[in-house]
Structures are given as structure tokens and as C-alpha cells.
Amino acid sequence: MLQLRRSLALLRGETGNQRARTGSTFPFLDSADSSSGLVLQSQSTDVYQNLALEDWIDAHVDLQRRGILLLWRNRPAVVIGRHQNPWSECNLPAMRKMGIALARRRSGGGTVFHDHGNLNMTFFASKKAYDRKRNLKVVTEALRRLRPNLDIRATDRFDILLNGHYKISGTASRLSRKSSYHHCTLLHSADRSALSTVLRPSCPGIQSNATPSIPSPVANLTDHAPSLVLEELLEALVQQYNTEFGFSSARTLVDPSDESAFTGVGAMAAELRSWDWTFGRTPKFRVETLLELRDEQPPARCSAQLQVEVKAGRVESCRLDVPASWMPLRLSGQLSDVLVGERFCPHRAAAAVTAMLRAEKGQFHSRLHNLCEAVLAVMG
Amino acid sequence: MAAVTRGSYIFVSRLLSQHLCRRSFRLQNFRSGRTLQPLTFRCSREPQVFSRRALHAASVCCGPVVQFKLSDIGEGIMEVTVKEWYVKEGDKVSQFDSICEVQSDKASVTITSRYDGVIKKLYYDVDATALVGKPLVDIETESSSEVIQEEDVVETPAMAREEHTHQEIKGHKTQATPAVRRLAMENNIKLSEVVGTGKDGRILKEDILNFLAKQTGAILPPAPVQEIQTPPPSPPSTAAPVGRPVSTTTVAKAPPPRATPVFTGKDVTEPVKGFHKAMVKTMTAALKIPHFGYCDEVDLSRLVALRTELKPIAESRGVKLSYMPFFIKAASLGLLHFPILNASVDEDCKNITYRASHNIGLAMDTNQGLLVPNVKNVQLLSVFEIAQELNRLQALGTAGQLSTAHLSGGTFTLSNIGSIGGTYAKPVILPPEVAIGALGKIQVLPRFGAGNQVVPAHIMKVSWSADHRVIDGATMCRFSNLWREYLENPASMVLDLK
């Protein structure tokens, strides 16, 4: 615990004003240690807490003369990049069934699947010291030392490939006014079948300018080096980090839910959990698809066209072209009308359409109900 | 705080007179972050009433437009994609405010403003490619020429000036933008005394204004006029010594003429959309139904005792047991005897359909609004199973994950408004149903028991509404009586449970 306090004192000491304001209780302040590194390992497996911790470090720690390496792992979750579209990147209904969370991170890049077999590393540095190649060198060198027989290489897209073919690591980063962080994944023993199930679009027909993910074949390190244990990997990474940057820090465990150590981190995590951040930040997009409607008794079929424009996660405009022979235009018009302004979310829309269905009795009720279900299925 | 003398307070009050502020503050709000120049201005001799509003900046005047170029991102990157704008043309920005988010090769970068000013032009649309070193936005900053014109001599207390130079000599690093520093200096405020509420303890304009308001509010006399008047025969509490600025509480005088607080709230109009629009339709259709109401009270004393007994058993099975499962089951038992209450009528009330399943809806207050999920086939479920289903629906409701399957197909509804409060209510029937009940809160009230003794009883009020086109008062009354009997004597439910 003293180790943790010393490390946190190092973090706090540099941010002069904050210390004065909050009346820091940390007795130890080593300001003479001008160029130092810190290696932190998160005790939490909650993706939102860990992302909030990254934000907190980026915002509150003076990185001008020091670097930090943060190691973390999450319970199963899908993490999309800052400017991506969750509907096109991942299968939201499947994730709901499997209890897999969705988070949007603040750095750019593509979509990744996190679970206990995937190790995340974040390299914090000043904007001037931002060097992704050097950070990846830490990872590749560490792996080479552990298993010299494996062919591990970093590409110019900052991926790490195993045997020249399988992607075992992806990268993303964020640059602020003075600081930067670069984080990357490392597939140690992730659940590949879950990964392939969730990393596909929720619904067809999405047209958007959001950053697309580039799919690549992946492999786990344990597929090719079955004896490699995670603990061994962590030790090697820390050692290589120290060697590369000339530091001498040991791993310190941190708890991202500790408000007293990280003031304001709870609020940051709450923001990351919110619908407004996760879905509401999606760049404007359009969905155009064909709906197949059918009656059972007597059997009948019909195709309807659906065009929805979604802005900030909400339906901006909705156009439903249902043949007038199937149901009065007034009814399909009412459905489109009720959806505008609601979140592009099957649950929010469900509340709206069931309320609308109550007001509509008559012979077209069941067809209208089917149409509603078909539209909601598009929403993921 | 102690260093500020009375003399400087009067100075401050004059500074803040409307006449001066409009001119001085207009100038200082928009300047590019360069050297700190003391702004001097004329000082009026007339005492003026302090008006807080004068501190707010007036409209922008023309200044030089600066082209803010996209700075180097690093790693030899020459172009980025603009992903999101945080400002639009005409917005005011301060130094360090975020302007936009750009993305380059998996790196997301926040571009912050280097100047205070007004955004005049955005050079790129969202998703356009921006080039490093080329202009990103145009910012209109303050004009330097106008400053020179306004330079007049003012009686600045020598001491205050020294304090400020001291500040700079010591190199005390208090974070504040140049505009904020100037505002502080003009009002003889030491930045070290102001509590900064911005990022990293940075001092913002608001912090200076709050600091000023606190100072002047505390010590500035209500009106200079009062000091000249002779105090009238004062009430017993004449503790106020002569010569000191009096506060309004100790002397009974007419309150000084103060600027009446102006309410600046505005009406906000927005369109009714989505779920709420659908509710408008539903409720309009609902109130076309001719409702009649019928109310009663139920003595739940025995049910309360029963539930207390059963609660731990349910908890051991992982289910939270409230009173609702009992109310729902009793309603279903009643509906078996009065199936017309579980029916629906068509558009013109030409046909009535007696529904076989008892899908009893439960009105739930969620953050989206009033949602009514229903428990399907209550006639087949035990009280425990109903409790389980309710737990599940409540969890889904809280998580905002109720689907159309949960929300549609209801045949009868109970609204437990009493859990929030209330006794009697006038519930509105949810089409296509024909009846609804609203349950008030359970209160302990005195009632006559056996032997004409007054005993405490757990009383709950229930208010039913039904469609008078197909239901008559007597039917509703008999159903309610039956329902009430089951609940007042829970043992009788055992006889009829299927």
C-alpha cells in the first residue's frame, strides 16, 4: 500500500494547483526524481472503469517528464473507436443475449473485442514524446525474448503480426493539448468464437462515413506458444518497458474505482456508460433496407422499403414505403411519424410503437404489428 | 482579502458602474494572448448603484481576424480527417476551449483554441481532409488599436499596482488566461486569492466575478444616500455604532432603492416527438371511451401478516415478494367469475371479444415515461411465479430493455400508484382493454374491529374505471367485492387457486 501511495504522490505532486486545492494527504513527494516511469496494473475488469482511468491519467497527471505504462484486462466487452458506428461494427442483439457490454473509447481506430484473454497496454507520454513505433518495439522485443521461435513483427499500420499473417495486436491513440496516450491490445487467449459472433453488423443496409474497421484474421499467442502464461508475459513487458525507456519501476496495482486516489474518476466512468456517449456520438448515418412482411392466415406476402436517417443516435427522418394494397398509407405514415425523434433503439421504439398500436384497432392491427416488429428488428 | 481597504472598495464600486463597464469590458474580453497591458480608463465621480449586469460583456466589436492553422500532429503526419466540430461560426471561444476532433491513422486528436475570440469561419466540413499547416478556423480577436484610444489616467492606488508586480516577480504560477488576468488586475484582485474552478485549478472569468460579487455584497453600503440621513427613532436594537456602515437589519428604515431582480427565464417550445407523441394518440383514443369510476377500501391487515411470513421463503428462492403478486392473482381469480372485464371491444363497439388469457398489465414508471408491461397468462401462474415474473419485468424496465412482446397483448391493468403516493385516483383505461384499477398507498388507520373496539388496520384504497358501454356499475362492484374478499381473507384464495 505504501508503494501505491508513493506512486500516487508522484502523480499528484506535479499538478501543483490540484494538490493545493484538495489538500493532499500524501506525505511523500519525490519531485527530485525528474525523469521517471511508472507501471500500473488495474485491478478492475470493468471496461468503463478502465477507460475512465485512462482518461483520468491523461487529464490529471503531468506527463511532460515521465511516462506511464498501464496494464489492464476486461470482462467480455466490445470497444469501438471514437468515431465509429456501433450498429455497423458489432451485433448488438447477440451482445445483449451474451451479456457483452459495449463501450466507446476516446481514441480513434477500429473495433476490438476484449475479454480476460486479451491484454491491454496503454503508454502515456507527453505529446512531444509520442512515439508509437517505440512503444510497439517494447511489445515485440518482449515477445521475442520470451519465445524467440515466433515471428513477431510490427507493421506500418501499427498492428503486430504473428508469423507474418495473424494479427495479435491492434493500436489506437489519443492526442490532447500537451499529453498523449497510445494503447494496444495483445491477444493472449481470447475467446475467438465469441469474437467472430459479435464483430459483425447488427443490421444490413447501413451507409455511413464513420471510421470502418478493417477485419483481419486473428490468432491467440497461446495457439502458437501454449506454455506462455499471462503472468510471464506481464513480467516480460514491464522489464522491456523499463529497458527501452531507461526506467526502473515495478508494477503497482491500482483500483480505478477508488475516488480518493482518483478524484472524479467515477463521474468519468458514468459518462462512458451513458447512452449519449456510447450511441449518441455516432456520426450521422443512413439505413436503407427491404422489409419482408407476411401474413400466416391466409398466407400473404409483401415487401416494404425502409429508409432511416439517424443523427446523434436518434431518428432524424423515417420513410416507410408500404404498398397501399397491404395497409392504408395513413397507418405506415403514423408509424414513421412516431419513430422520429426517438432513439434508434429497439426498446425505446418499442415503447413508442406499442403506445401507438393501442390507438389503432381494426382489421389492419396485426399487419401493423408485424410491420412494427420488422422495423424494430432493423434497430439492432 | 485583508489587504483590500475601504478606499479600493469605493474604487471598485465606481469601476462597476454601468457607465464605465460597457466600454471597458468590451475591450478586454477579446484580445490575443500576448503581453499584459494595464488598461486604464476614466473614473466617474458620481456615486452609482452597483449593477451586477454591467459585468457581462456587451457585443463584439470588430477586431483582427486571425487564421488559426492546424498545428503539427507529430510522426510526420500531413493530413487528418475532421471528425467532429465542437463550435460553429459565431460561437465565442476562450483559450484552451476544444474546437474540433480530428482523426489520423487511428489517432484521435482534440484541437484546442490558442486565442480568445469569436469563430468567424470553419474551413472544413465533417469528414473532410484537413492539411497540417493550413488554416483550420478564423478567429476574430480584439482590436489592439482601440485600446490605445481609450487610455486615460486613472487613480490607481499605488499599493494595488505593487502587489501585482510582486505577483509576477515571484513567478507564482496561477493558471488563468490573459483576459482573466487583466480582469483581475483591473479590479485589484490577487489571483492567488481567487479559487479556480476550471481544469487543473485554472481561474475562470466566472471565478473573478463571483469573488467580486462576494466582496462588494458584503461590505459595500446599500446606498451612499443613507449615510447622510439622520436615523429615525430606532427600535430597541440600536446596537449600530455611529459612523460605521450600517447593515439593513439593525436599523428600521425604508429599504434602499435596489434594482429589482429581473427574471431572465424564457419559455421553451419543442415539438412532441416519439414515445410522447404516441402517448398523445393513445390517450386521445382512451378518453373517447365513456368511463365510470368505482372506489372502495380494502383491509389488508391479514395480507400484511401473511406477506411478512412468506417474504423470507421467497427470498431464499431468490425472489423479492411485494404485495403486487397477491393483487394480481386475486384480480385473475375475480376475472374468472366476471370475464366481461377481461374483454375488448372493436372500433365502433360492434363486437366484444372475451379474451381467454389473463394478461395483467402493471403500470411502471421508467425514465422514458409510463410503460405498461404485462404478466402473461396469470390464470396459470402461482403467486410465487407471478412474483418472479414481476422481478424480471422490473429489472428490464429499469434497464430500459422492455420489448414489444412485454408491452403488448395486455387484457387488464393494475396501476400501483400508491407505491409513490396517493389514495384515490381516476385511472384512464388503456385501449383495447375495458377496465383498469389504481391502488393507493397502504396506510394504518383506525377502524372498528370485533366488539366495537377501535383497532389499527392496514387500509388501501382502490379506484376502478370501466367502459360503461359494456360494463355496468353492478358488475364492477361485484368484481371489486370478490377481489376485496380474497385480499381481506387470503386463506380463501387457497380454496379457489387453480
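Quick caveat, the model's predicted, so the values are computed rather than measured.

This paragraph deals with the overall build of chain A. Each helix and strand in chain A was counted, giving 14 helices and 16 strands. Taken over the C-alpha atoms alone, chain A extends approximately 80 × 55 × 30 Å along its principal axes. A burial count over chain A gives 57% of its 380 residues as buried. Nonlocal contacts in chain A, meaning residues at least 24 apart in sequence, comprise 72% of its contacts between residues at least 6 apart. A total accessible area of about 15,500 Å² is found for chain A, and carbon and sulfur atoms account for 50% of it. Distance from the positive charge centre (48 side chains) to the negative charge centre (37 side chains) of chain A: 3 Å.

Moving on, we come to the interface of chain B and chain A. In this assembly, 51 residues from chain B lie in contact with 48 residues from chain A. For the chain B and chain A pair, buried surface summed over both sides reaches about 4,300 Å², with 48% attributable to carbon and sulfur atoms. When the area that chain B buries against chain A is broken down by residue, the three leading residues are Glu75(B), Lys106(B) and Thr404(B), summing to 17%. Remark: the boundary between chain B and chain A carries six salt bridges. Close ionic contact of Glu101(B) with Arg82(A) constitutes a salt bridge, the shortest N to O distance being 4.0 Å. In this structure, the connection of chain B to chain A is made through 18 residue pairs in polar contact (both at pLDDT 80 or more). If one sorts the elements of the side of chain B that touches chain A by residue count, helix α7 (residues 274-286) of chain B sits on top with eight residues. Residues of the side of chain B that touches chain A, tallied by class, amount to 18 nonpolar, 16 polar and 17 charged. The pairing of strand β10 (residues 171-175) of chain A with strand β5 (residues 107-112) of chain B spans three bridges and is parallel. Residue Ser173(A) lies in a different strand from β5(B), and its bridge partner there is Ala107(B).

Within the largest apolar cluster, 109 residues are counted, with the highest numbers of intra-cluster contacts made by Leu371(A), Phe327(B), Phe412(B) and Trp483(B). If we ignore the near neighbours within four places in the chain, the residues touching Leu371(A) are Leu291(A), Leu293(A), Leu320(A), Val322(A), Met327(A), Ser332(A) and Leu335(A). Among the nonpolar cores identified, the runner-up in size contains 32 residues, and Leu143(A), Leu150(A), Leu228(A) and Phe247(A) belong to it.

What follows is about the packing of aromatic side chains. For the structure shown, the criterion picks out 19 aromatic pairs over all chains. Ring geometry for Trp275(A) versus Phe279(A): centroids 6.1 Å apart, planes at 25°, classification stacked. Per residue, the accessibility class of Trp275(A) equals that of Phe279(A), and both read buried. Seen in terms of ring centroids, Phe412(B) and Phe479(B) are 5.8 Å apart; in terms of plane orientation they differ by 65°. Their pairing is edge-to-face. Of the two residues, Phe412(B) is situated in strand β16 (residues 412-415) and Phe479(B) in helix α12 (residues 473-488); the sequence distance between them amounts to 67 residues. Residue class for Phe479(B) comes out buried when judged on its relative accessible area of 0%. Taken together, the aromatic side chains of Tyr323(B), Phe327(B), Phe338(B), Phe412(B), Trp464(B), Phe479(B) and Trp483(B) make up a single cluster linked through ring pairs. A cation over an aromatic ring shows up here: Arg177(A) above the ring of Phe96(B), its NZ or CZ 4.2 Å from the ring centre. Between the NZ or CZ atom of Arg367(A) and the centre of the ring of Trp326(A), over which it lies, the distance is 3.8 Å.

Residues and elements named next belong to chain B. With respect to the element layout, serine 465 can be found in strand β18 (residues 454-467). On the basis of relative accessible area, serine 465 is assigned to the buried category, the value being 3%. Reaching out from serine 465, the side chain makes a polar contact with the backbone oxygen of proline 427 at a distance of 2.8 Å. When neighbours within four sequence positions are excluded, serine 465 is seen to be in contact with His291, Phe292, Gly293, Lys426, Pro427, Ile429, Val434, Ala435 and Ile436.

By domain assignment, chain B separates into domain 1 (65-141) and domain 2 (284-495). The straight-line distance from the C-alpha centre of domain 1 of chain B to that of domain 2 of chain B is 59 Å.

Another point: the environment of Thr171(A). Tracing the sequence through the fold places Thr171(A) in strand β10. According to the relative accessible area criterion, Thr171(A) is buried, its value standing at 6%. Between the C-alpha atoms of Thr171(A) and Pro93(A), which are 78 residues apart in sequence, the distance is 27 Å. With residues up to four places along the chain from it excluded, the contact list for Thr171(A) reads Arg132(A), Leu136(A), Phe158(A), Asp159(A), His182(A), His183(A), Cys184(A) and Lys106(B). In this structure the side chain of Thr171(A) is engaged in a polar contact, spanning 3.2 Å, whose partner is the backbone oxygen of Phe158(A). Within polar-contact distance, the side chain of Thr171(A) engages the side chain of His182(A) at 3.0 Å.

Attention now moves to unusual backbone geometry. Backbone torsion omega between Gln297(A) and Pro298(A) reads -10°, so that peptide bond is classified as cis. Inspection of the secondary structure puts Pro298(A) in the loop between β14 (285-295) and β15 (300-311). Along the chain, Pro431(B) connects to Pro432(B) via a cis peptide bond; the corresponding omega equals 5°. Relative to the helices and strands, Pro432(B) resides in the loop between β16 and β17 (435-448).

Residues and elements named next belong to chain A. Ordered in space as β12-β14-β15-β16, the four strands form an open sheet in which the pairing is antiparallel. Every other strand in the sheet has two partners, leaving β12 (206-208) and β16 (314-321) as the edge strands with one partner each. Averaged over all neighbouring strand pairs, the angle between strand axes comes to 20°, with direction disregarded. Bridge count between β12 and β14: three bridges; the pairing is antiparallel. Counted as the bridge partner of isoleucine 206 is valine 287 from β14. The strands that helix α14 (residues 365-378) touches are β14, β15 and β16; relative to β14, the one it contacts most, it runs at about 145°.

Let us look at the packing of helix α3 (residues 47-60) of chain A against helix α10 (residues 265-273) of chain A. When two helices pack together, their arrangement is captured by the angle between the axes and the distance separating the axes. Residues and elements named next belong to chain A. Two numbers describe how α3 lies on α10: the axes approach to 8 Å, and their chain directions differ by 125°. Here α3 is positioned oblique relative to α10, judged by the angle of their axes. Classified by chirality, the crossing of α10 by α3 is right-handed. On α10, the residues touching Tyr48, Gln49, Leu51, Ala52, Leu53, Asp55, Trp56, Ala59 and His60 of α3 are Val265, Met268, Ala269, Leu272 and Arg273. Per-class residue counts for the contact of α3 with α10 are ten nonpolar, two polar and two charged.

Turning to the environment of Gly409(B), a few remarks are in order. Residues and elements named next belong to chain B. Within the secondary structure, glycine 409 sits in the loop between α11 (404-407) and β16. Separated by 34 residues in sequence, glycine 409 and valine 375 have C-alpha atoms that sit 9.6 Å apart. Contact partners of glycine 409, with chain neighbours within four places excluded, come to Asn359 and Asn374.

Here we come to the domain arrangement of chain A. Residue and element names in this part refer to chain A. Assigned domains within chain A: domain 1 (36-278) and domain 2 (285-378). A separation of 39 Å is found between the C-alpha centroids of domain 1 and domain 2. Every contact between the two is made by ten residues of domain 1 and, on the other side, 13 residues of domain 2. Where domain 1 abuts domain 2, roughly 1,100 Å² becomes buried across the two surfaces, and 59% of that area is made up of carbon and sulfur atoms. When the buried area of domain 1 at its contact with domain 2 is split by residue, Trp87, Gln207 and Trp275 rank highest and sum to 54% of it. Between the two partners, domain 1 and domain 2, sit zero salt bridges. There are two residue pairs in polar contact (both at pLDDT 80 or more) connecting domain 1 and domain 2.

Let's shift gears to the sheet that holds strand β3 (residues 77-80) of chain A. The strands making up a sheet associate through backbone hydrogen bonding, with each pair oriented either parallel or antiparallel. All names here are of chain A. One open sheet holds the three strands; their spatial order is β4-β3-β5, and the pairing between them is mixed. Each having just a single partner strand, β4 (101-104) and β5 (112-114) make up the two edges of the open sheet. Looking at each pair of strands side by side, their axes are set apart by 25° on average, direction ignored. Taken together, the four bridges between β3 and β4 define a ladder with parallel strand orientation. Along β4, the bridge assignment pairs valine 79 with alanine 103. Here α3 sits on the sheet in contact with β3 and β4, set at roughly 15° to β4.

The rules behind the values
- Residues numbered from 1 in each chain as written.
- Chains lettered and ligands numbered in written order.
- Predicted model: local features only at pLDDT ≥ 70, side-chain atom pairs only at ≥ 80, totals over all residues.
- Heavy atoms only, no water.
- Helix = DSSP H or I, 4+ residues; strand = E, 2+ residues; numbered from the N terminus.
- Buried < 20%, exposed > 50% of the residue type's maximum accessible area, 1.4 Å probe, protein only.
- Contact = heavy atoms within 4.5 Å.
- Areas by Shrake-Rupley, 256 points an atom, 1.4 Å probe, with all protein chains shown as cover.
- Lys, Arg positive; Asp, Glu negative; His and termini not counted.
- Charge placed at Lys NZ, Arg CZ, Asp CG, Glu CD.
- Buried area = accessible area lost by both parts, 1.4 Å probe.
- Salt bridge = Lys/Arg side-chain N within 4 Å of Asp/Glu carboxyl O.
- Polar contact = N/O pair within 3.5 Å; in protein donor to acceptor, adjacent residues only side chain to side chain.
- Nonpolar A, V, L, I, M, F, W, Y, C, P; charged D, E, K, R; others polar.
- Pairing = 2+ DSSP bridges.
- Core = buried A, V, L, I, M, F, W, Y, C linked by side-chain atoms within 4.5 Å.
- Phe/Tyr/Trp six-rings, centres within 6.5 Å; stacked < 30°, edge-to-face > 60°.
- Lys NZ or Arg CZ within 6 Å of the ring centre and 35° of its normal.
- Domains from an automatic or database assignment.
- Axes fitted to C-alpha atoms, helices over the stretch in contact; angles between N-to-C directions.
- Parallel < 35°, antiparallel > 145°, perpendicular 65-115°, else oblique.
- Left-handed = near helix turned anticlockwise from the far one by under 90°.

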